[in-house]
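Chains, contacts and geometry: an overview
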Amino acid sequence: MMTHVQGVVAAQVNRPNFEQFIEEKANTTKSVSTENFSFQTLAEVTKTILHHAFWLAEQQQKLSAKEYKKLLFDQGWKGEEKRYLKIAAAFGKFSPQDLAQLEPRTIYQLAENGKKYQQVIDRLLDLSAITQEAVRSLTKKQRTSKEPRPEKPSIWRRLKNGGRYCQIPPIHEASESTGITLQKMIDEEGFSAQHIVAEAIALRQAYKEGQLVRSSGR
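In this report, we go over the structure that sits alongside the text. All values reported here derive from a predicted model rather than from experimental measurement. (Residues numbered from 1 in each chain as written. Predicted model: local features only at pLDDT ≥ 70, side-chain atom pairs only at ≥ 80, totals over all residues. Heavy atoms only, no water.)

Focus: the layout of surface pockets
- In this model, the largest pocket occupies a volume close to 460 Å³.
- Lining the largest pocket are 20 residues, and of these Ile168, Leu182, Ala193, Gln194 and Val197 lie nearest its centre.
- Secondary-structure elements contributing two or more residues to the lining of the largest pocket are helix H7 (177-189) and helix H8 (193-208).
- When grouped by side-chain class, the residues that make up the lining of the largest pocket number 14 nonpolar, five polar and one charged.
- Looking at the second largest pocket, its volume works out to about 160 Å³.
- Lining the second largest pocket are Glu103, Arg105, Thr106, Gln109, Leu110, Tyr117, Gln132, Val135, Arg136, Thr139 and Arg143.
- Among the elements of the structure, helix H4 (104-112) and helix H6 (132-145) are those that each provide at least two residues to the lining of the second largest pocket.
- It is H6 that provides the largest number of residues to the lining of the second largest pocket, a total of five residues.
- Here the residues of the lining of the second largest pocket sort into three nonpolar, four polar and four charged. (1 Å grid on protein atoms, 1.4 Å probe; cavity = no way out; pocket = protein on both sides within 12 Å on 5 of 7 lines; lining within 4 Å. Points joined across faces, edges and corners; volume = space filled by probe spheres on them. Helix = DSSP H or I, 4+ residues; strand = E, 2+ residues; numbered from the N terminus. Nonpolar A, V, L, I, M, F, W, Y, C, P; charged D, E, K, R; others polar.)

Thoughts on the packing of aromatic side chains
- For the coordinates displayed, the defined rule picks out two aromatic pairs.
- Seen in terms of ring centroids, Phe91 and Phe94 are 6.1 Å apart; in terms of plane orientation they differ by 65 degrees. Their pairing is edge-to-face.
- One cation-aromatic arrangement involves Arg83 over Tyr108; the distance from NZ or CZ to the ring centre is 4.7 Å. (Phe/Tyr/Trp six-rings, centres within 6.5 Å; stacked < 30°, edge-to-face > 60°. Lys NZ or Arg CZ within 6 Å of the ring centre and 35° of its normal.)

As structure tokens, this is what we get:
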């Protein structure tokens, strides 16, 4: 049987343990609350980025070129809008809420490498929940399954206005015969290198199509 004195002593002994338990519980609750707040805030940042990207793309479509440039200029944003227009183009089929669980850097990375990650972005449409882990898994699978393909040589170069032009790579020959012959034609005939090369290609194509035949010289 516990006496009153023993009960007081027990209470005095147990009280610090109880207070410690309450304090630890409060700290744990506070920690969990802080974590939730932190991740929720990050999700809001991602959604804000997407909202801004969509809004900016809408302004580009809605405003005249002059008004759009003025908008960017007034905000000190000229040149900065490009990455956000890429985001709008890449994620046009999604809502900001759909992608809220992705970190901002992932949004930028996928959008700025649209061609590289187009398959990943398309596959996000099939997911019931788009998470950071899911995107990481998809990008990893794409890297491992993609076999390296030899690059196809191309002579085409792009112009700023959307057009293109062909650029013949340097011709390396020990004898330098092609360069010497071309230079001689330029000097003697007064035509540009482009003109002479164009004529030569046209003649070769005509020969391949049977419009020209070799003649045995006499």
